[in-house]
Amino acid sequence: NVATTTTMTNPQHADATGEDDPTQIVLRSVRLSVAPYLPPPVLNAIHITDSYLHVNHASFSSTYCHSEPSVSMLSALFSAYVVLRLIQGLQFWWTSTTKRSTAHLSGEEDAVLSGLSQNNKKRTDNKSAQDDDMPSFDETVVLCGASGAGKTALLHCLCTETDGDSCQPPMTTTSLVANVAYMNVTSSDNADEETKHETEAVRLVDYPGHPSLSTKLTSLLLPDQTARVVFTVDATKPVTDGVAILYKSILTNNQVRKAWKSSGKTLSILIVCTKEDDKKAKNHKRMKIQIRNELDRLRKVDSAMEDVTGNGSTPMSIAKGKTIDLDDLGPDMPVLHFVETGLGIQGGDNGLKAVREFVRTGDLI
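Bear in mind that the values here come from a model prediction, so they are computed numbers and not experimental data.

## Considerations on the side chain of Thr218
- Tracing the chain through its elements places Thr218 in the loop between helix 10 (214-217) and strand 4 (228-234).
- With residues near it in sequence (within four places) discarded, Thr218 still touches Ser249, Asn253, Gln255 and Val256.

## Here's the deal with the state of the cysteines
- Inspection of every chain in the model, using the stated rule, returns zero disulfides.
- Here Cys159 stays free of any disulfide, with the sulfur of Cys157 as its closest cysteine sulfur at 9.5 Å.

## Observations concerning unusual backbone geometry
- Look at Lys275: it is not a glycine, yet its phi comes out positive at around 60°.
- Its place among the elements puts Lys275 in the loop between strand 5 (268-274) and helix 13 (284-308).
- Residue classification places Lys275 among the partly exposed residues on the basis of a relative accessible area of 31%.
- Phi at Asp332 is positive, roughly 60°, even though this residue is not glycine.
- One can find Asp332 in the loop between helix 13 and strand 6 (335-340).

## What about the packing of aromatic side chains?
- Per the counting criterion, the structure on display carries one aromatic pair.
- Measuring from ring centre to ring centre gives 5.8 Å for Phe137 and Tyr182, while their planes differ by 45°; the resulting arrangement is tilted. Note that Phe137 is positioned in the loop between helix 7 (126-131) and strand 1 (139-145) and Tyr182 in strand 2 (residues 179-184), a separation of 45 residues in sequence.

## Remarks on the sheet that holds strand 1
- Reading across from one edge, 2-3-1-4-5-6 is the order of the six strands in this open sheet, with mixed pairing throughout. Pairing within the sheet leaves two strands with one partner each, and these edge strands are strand 2 and strand 6. For this sheet, the mean inter-axis angle between neighbouring strands, taken without regard to orientation, is 25°.
- When strand 1 meets strand 4, the two strands line up parallel, connected through five bridges. Bridge pairing in strand 4 places Cys144 opposite Phe231.
- Along the sheet, helix 8 (residues 151-158) makes contact with strand 1, strand 2, strand 3 (201-206), strand 4 and strand 5, crossing strand 1 at roughly 145°.
- The strands touched by helix 11 (residues 240-251) are strand 1, strand 4 and strand 5; relative to strand 4, the strand with the most contacts, the crossing angle is about 155°.

## Describing the nonpolar core
- Ranked by internal contacts, the top residues of the largest apolar core, which has 39 residues, are Phe231, Ile250, Ile269, Ile271, Ile291 and Leu295.
- Breaking this core down by element, the ones donating at least two residues are strand 1, strand 4, helix 11, helix 12 (254-263), strand 5, helix 13 and strand 6.
- Grouped together as the second largest cluster of nonpolar side chains are 22 residues, Leu143, Leu154, Val202 and Val272 included.

## With respect to the environment of Lys261
- Here Lys261 is to be found in helix 12.
- Lys261 sits 70 residues away from Pro331 along the chain, and the two C-alpha atoms are 9.4 Å apart.

## Description of the environment of Ala178
- Relative to the elements of secondary structure, Ala178 occurs in the loop between helix 8 and strand 2.
- For Ala178, a relative accessible area of 10% translates into the label buried.
- Between the C-alpha atom of Ala178 and that of Thr152, which follows or precedes it by 26 residues, the distance is 9.8 Å.

## Digging into the packing of helix 8 against helix 14 (residues 352-361)
- Interaxial distance between helix 8 and helix 14 falls to 11 Å at its minimum, and their mutual angle equals 80°. In terms of orientation, helix 8 lies roughly perpendicular with respect to helix 14. Contact residues: helix 8 offers Leu154, Cys157 and Leu158, while helix 14 offers Leu352, Val355, Arg356 and Val359.
- Within the contact of helix 8 with helix 14, the residues separate by chemical class into six nonpolar, no polar and one charged.

Criteria and cut-off values
- Residues numbered from 1 in each chain as written.
- Predicted model: local features only at pLDDT ≥ 70, side-chain atom pairs only at ≥ 80, totals over all residues.
- Heavy atoms only, no water.
- Helix = DSSP H or I, 4+ residues; strand = E, 2+ residues; numbered from the N terminus.
- Contact = heavy atoms within 4.5 Å.
- Disulfide = S-S within 2.5 Å.
- Buried < 20%, exposed > 50% of the residue type's maximum accessible area, 1.4 Å probe, protein only.
- Phe/Tyr/Trp six-rings, centres within 6.5 Å; stacked < 30°, edge-to-face > 60°.
- Pairing = 2+ DSSP bridges.
- Axes fitted to C-alpha atoms, helices over the stretch in contact; angles between N-to-C directions.
- Core = buried A, V, L, I, M, F, W, Y, C linked by side-chain atoms within 4.5 Å.
- Parallel < 35°, antiparallel > 145°, perpendicular 65-115°, else oblique.
- Nonpolar A, V, L, I, M, F, W, Y, C, P; charged D, E, K, R; others polar.

Bear in mind that shape data such as this cannot, by itself, settle questions of function.
Okay, structure coming up:
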């Protein structure tokens with residue numbers, strides 16, 4: 001019997017020091033407790049390892065392994081793994097709860113939005129625009145969403161128009177700095193004189209989706225900064241992270257809602273369900289149901305917490321017993337549109353035309 005053999009391995013080492021020390025007792029108890037649940041090959045490996053170390057390295061085994069070499073080594077590896085996971089957990093907690101931006105990395109006042117502050121206003125100086133290698137623009141469209149939702153890939157495809165509306169986005173990585181690009185609005189050289197004086201390009205701001213940067217997003221969503229919003233949601237993953245940003249930073253944010261109400265305008269948001277070319281992706285109708293359910297859950301939690309603490313937000317007003325209607329969120333609330341995109345779709349509608357039309361005009365095809 002392998003278990004019995006392993007248990008009785010070299011008993012003279014147990015008495016080498018006269019009495020078992022507490023560590024040895026614990027290790028032996030662990031071995032005896034788990035032995036009945038281990039498969040024979042594992043028990044055989046433990047027996048061989050212990051026998052070899054007892055015979056050839058007796059002093060090392062008794063001094064550093066408390067006469068239980070296999071259990072000691074496995075315990076050390078498990079302890080190292082637990083410490084590593086604890087460090088990773090603390091690091092994630094720190095980065096996800098801190099209110100700092102990435103300004104401490106570069107010494108700039110706002111490293112996340114660096115390069116945007118000097119360009120927030122409409123550019124009318126053609127010479128200056130040429131010198132800075134930037135086209136003139138009248139409107140800004142913000143791309144936002146959870147990290148890994150396909151914002152940067154969508155940005156690349158929106159600004160790279162090819163035959164057949166196909167797109168091969170480059171490999172992207174998680175960023176802590178906003179990306180800026182420009183999409184042509186009047187691309188025809190035969191446009192009339194009135195059209196030529198209208199907007200030549202729309203500025204696209206791809207805002208990073210890291211949780212620690214969500215507080216900076218609000219400053220870009222005010223009516224004097226942006227014309228509309230493109231919000232990406234990964235159709236292959238749960239909607240929890242993306243909907244949390246949508247709910248807290250846009251739909252219930254006091255600053256955003258009051259600013260748009262004062263302006264007399266309505267914020268228009270296009271929710272883009274990305275990665276629809278993936279086999280695991282959910283279509284936009286199913287995504288819409290999941291987004292509604294998650295928003296409704298957050299609304300109920302927010303309403304309950306508002307009575308206790310007050311959280312600086314304005315909960316969505318929904319009649320008792322009713323669920324959120326994404327087609328009509330209510331007065332002074334943003335208008336939501338839904339579309340799905342699959343950048344890997346070849347020879348079919350990948351959704352880019354609808355997104356481009358929304359970015360240019362605010363309308364859907």
